[in-house]
Each structure stands twice: as structure tokens, then as C-alpha cells.
Amino acid sequence: MEAQKAEERKWYVLHFIKKSGKTTPQKYIDDFNKEGYGLELYAPVIRPAQVNHGKVEYKERLLTFYYVFVRGFFEEVKELCLRPNNDLSFLLDRGSENRYATISDSDMENFMIYARAQTNALSFFNLEDIELNEGDVVEIVGGEYDGLKGTFLPKSRSSKGNLVISVTAALGAMAWNVDARHVRILEFAQDTRRQYDIVDAFIPKFLLILRKFHAGKELDAKDKSLLNVFSLRMGVVSLSNHKAEAKLLAVLMCVQFILGDVAALKNTQERFEKRKAALTNIWTIALVELMMSVTLNDCQRLREAYKRLPLPSENLTKTQREMIDEYRYYLG
């Protein structure tokens, strides 16, 4: 008993194949706990509809097909599985030091969010078949999957992607066609250009909104949505490149200032102060100074930044000439 008290209660993944005439896993757990045990069971059930001879019938089955989840001390879960009449057995996890498949409390909570949102079936697959290193670690904000965390695999030429939820080290489940606008990026995949492309694609759109804001014009629903989605999606992620992160944080500060998101702005300002020294490229600095000066309506700061720019010439790129034109728009 002393060893059991020192041991941590864990969620164990158990095989369960219901045979004809046998009872439910909940009944097995309830009967077992009557002997003084305290096991918890998570075995979500669904009732998919089927048409049989013109009538709609509902047949109850486990959402997770052949798996249930039991929380308790190892010895008591082992004792449960040793009972010859309950069809429960450990799922082996060869990639784990503990041999048996377990799920952390936080991952189990994440899985429960996903399971509650399902109305039909949950498809399990082997994670070895999925290139998880190509996806970003994200959290869904809003909707039926609110709070769900996983690896987001974007679809080519689409604003949607699939979210992979790791259930064990070897098993996963998939949420299909998740809108990228509803994901908050927590960590970008390694060796991906998305951390640069998302910011670079947003800046031209933001500069147009910034002109309207500076002119005192009311932003329409599309403008506000664009700002909110960017702030939501990029507001907490840290980038591997400090120069790129400083640029992102500068954009975020201006966006959050316009949105009036005081709490987010304060946090972003603190992060920017730690990264701003990484900005060395004159054109990136020019962009940052332009956005901040116009957002804060600081004409003197804008003039000083303009004086530091090179004179227009044929050697400048299209983007650089556009930056100079943007300064001239505000300076008249």
C-alpha cells in the first residue's frame, strides 16, 4: 500500500472487444470498484443511425472502437486486466519505458475535448505513418474544438488543414478540415518558411488598413476580421529567428494598438524590447518605424526615419521603392 501511495495514478489505454452477451466496460469497472478500488473509466459512446428495412435504428458502440481509458494505480489496473471475464487487457507501447500505453492528464483532457465534438466516428491511425515534423503545434480557439491542441498539417492551396491529436506515443486521431483562421500557432515546424510567409503576406494588407486608420476612417468588418485573425493566430508564437520575431512583434504591436487590445499589447511590447536589437536591416527597420510612427501619429519620428533611407535609384528593388512611396504618402 505504501508503494502504491507513492505511485502516480495514470490513464492506461486498454483493449476492449465487446463480445455478444457481455456487459459494458462501465459495469466491469463498477463491479471491480466495489472491492475497494477507485478506478476511473473514460469510454465515450456514440449511437450512429442506420436504416434497416425503412426504419432508422440506433446502435450503440464505443467512439474509440476497441480502446477504453482507465485511470488508476498500475497494480490495480493490472489486477483488473487479470480478471478472466472482462475482456480488458493492456495496450503495449514498445516506444515507452513503461511498456504499457499511458496518457498524461493534460493529453487526456485534450482528447476529451475532441471526443465531445464527435458525432460519428473517431479514426485511429499509426503516428509513424504521419509526417508530424511538417506541421505546426497549434491550439484551436472557438467553435466545437475550442481548446484542442495538436499538430496542424495545412493543405496545399487551402485555408484549411487537418489537426493530428496524439493519443499515445503510437496512436493518434484526426480532426479534418480545420479552418486555419481558428488556430493559434504555439510552435512552428522546423525548417518551414510559414513563419516568414504568413507575416510577409499580411504586411501589404495591413499597410492599406493603416492608411484608413491614419485618415480617421472607420474600419469595416473585413478589416477588423483580418486584424483579429492575425493577432489570434500569431500572438503567442516564438520564432526561431530573432530578426524575424522582432519584425513580427512590431507588426503585432500596431495591430493590437488599433484593436485596442491593451493586455495583449503590453505583453507584445515586453517581448519586442527583448528582440528589437536584432533588427539590423535598414529596410526592415524602415518598415517598423513606418508602422509605429503612423499608428502612434508621430510625424517627427516618421520624418527622422525617412531621412535615414537611401535616395531612390534604379538599384532599388520594387519592394524598396514601394517603401519609399509609402513614406511619401504620409509626409506629403
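That block above? That's the structure.
Please read all numbers here as calculations on a predicted model, not as lab measurements.

### Here's the deal with unusual backbone geometry
Next up, step 1: Of note, the phi angle at Asn-297 is positive, near 55°, even though the residue is not glycine.
Next up, step 2: For Asn-297, the position within the fold is in the loop between helix 9 (282-295) and helix 10 (299-307).

### Section: the packing of helix 7 (residues 242-259) against helix 8 (residues 262-275)
Next up, step 1: Two numbers describe how helix 7 lies on helix 8: the axes approach to 9 Å, and their chain directions differ by 155°. The angle between helix 7 and helix 8 falls in the class roughly antiparallel. Where helix 7 crosses over helix 8, the two elements pack in a sense that is left-handed. The residues of helix 8 that touch helix 7, namely those facing His-242, Glu-245, Ala-246, Leu-249, Ala-250, Leu-252, Met-253, Gln-256 and Phe-257, are Ala-264, Leu-265, Thr-268, Gln-269, Arg-271, Phe-272 and Arg-275.
Next up, step 2: Across the contact of helix 7 with helix 8, the residue classes break down as 9 nonpolar, 4 polar and 3 charged.

### Some remarks on the pattern of salt bridges
Oppositely charged side chains may form a pair once their charged atoms are brought near each other.
Next up, step 1: According to the stated counting rule, one finds 23 salt bridges in the structure shown.
Next up, step 2: Salt-bridge contacts for Lys-247 lead to Asp-200; the nearest nitrogen and oxygen are separated by 2.9 Å. In this pair, Lys-247 is assigned in helix 7 and Asp-200 in helix 5 (residues 194-214), connecting sequence segments 47 residues apart.
Next up, step 3: What makes Asp-200 partly exposed here is its relative accessible area of 36%.
Next up, step 4: One salt bridge connects Lys-307 with Glu-304, and the closest N-O pair in it is separated by 3.6 Å. Here Glu-304 and Lys-307 lie together in helix 10, a separation of 3 residues that amounts to about one turn.
Next up, step 5: Here the salt bridges do not stand alone but share partners, grouping Arg-9, Glu-40, Arg-71, Glu-76 and Asp-105 into one network.

### With respect to the environment of Glu-273
Next up, step 1: With respect to the helices and strands, Glu-273 occurs in helix 8.
Next up, step 2: Owing to a relative accessible area of 48%, Glu-273 belongs among the partly exposed residues under this scheme.
Next up, step 3: Taking C-alpha positions, Glu-273 is 9.5 Å from Leu-249, a pair spaced 24 residues apart along the chain.
Next up, step 4: For Glu-273, the side chain forms a polar contact with the side chain of Lys-276, separated by 2.9 Å.

About the thresholds
- Residues numbered from 1 in each chain as written.
- Predicted model: local features only at pLDDT ≥ 70, side-chain atom pairs only at ≥ 80, totals over all residues.
- Heavy atoms only, no water.
- Helix = DSSP H or I, 4+ residues; strand = E, 2+ residues; numbered from the N terminus.
- Axes fitted to C-alpha atoms, helices over the stretch in contact; angles between N-to-C directions.
- Parallel < 35°, antiparallel > 145°, perpendicular 65-115°, else oblique.
- Left-handed = near helix turned anticlockwise from the far one by under 90°.
- Contact = heavy atoms within 4.5 Å.
- Nonpolar A, V, L, I, M, F, W, Y, C, P; charged D, E, K, R; others polar.
- Salt bridge = Lys/Arg side-chain N within 4 Å of Asp/Glu carboxyl O.
- Buried < 20%, exposed > 50% of the residue type's maximum accessible area, 1.4 Å probe, protein only.
- Polar contact = N/O pair within 3.5 Å; in protein donor to acceptor, adjacent residues only side chain to side chain.

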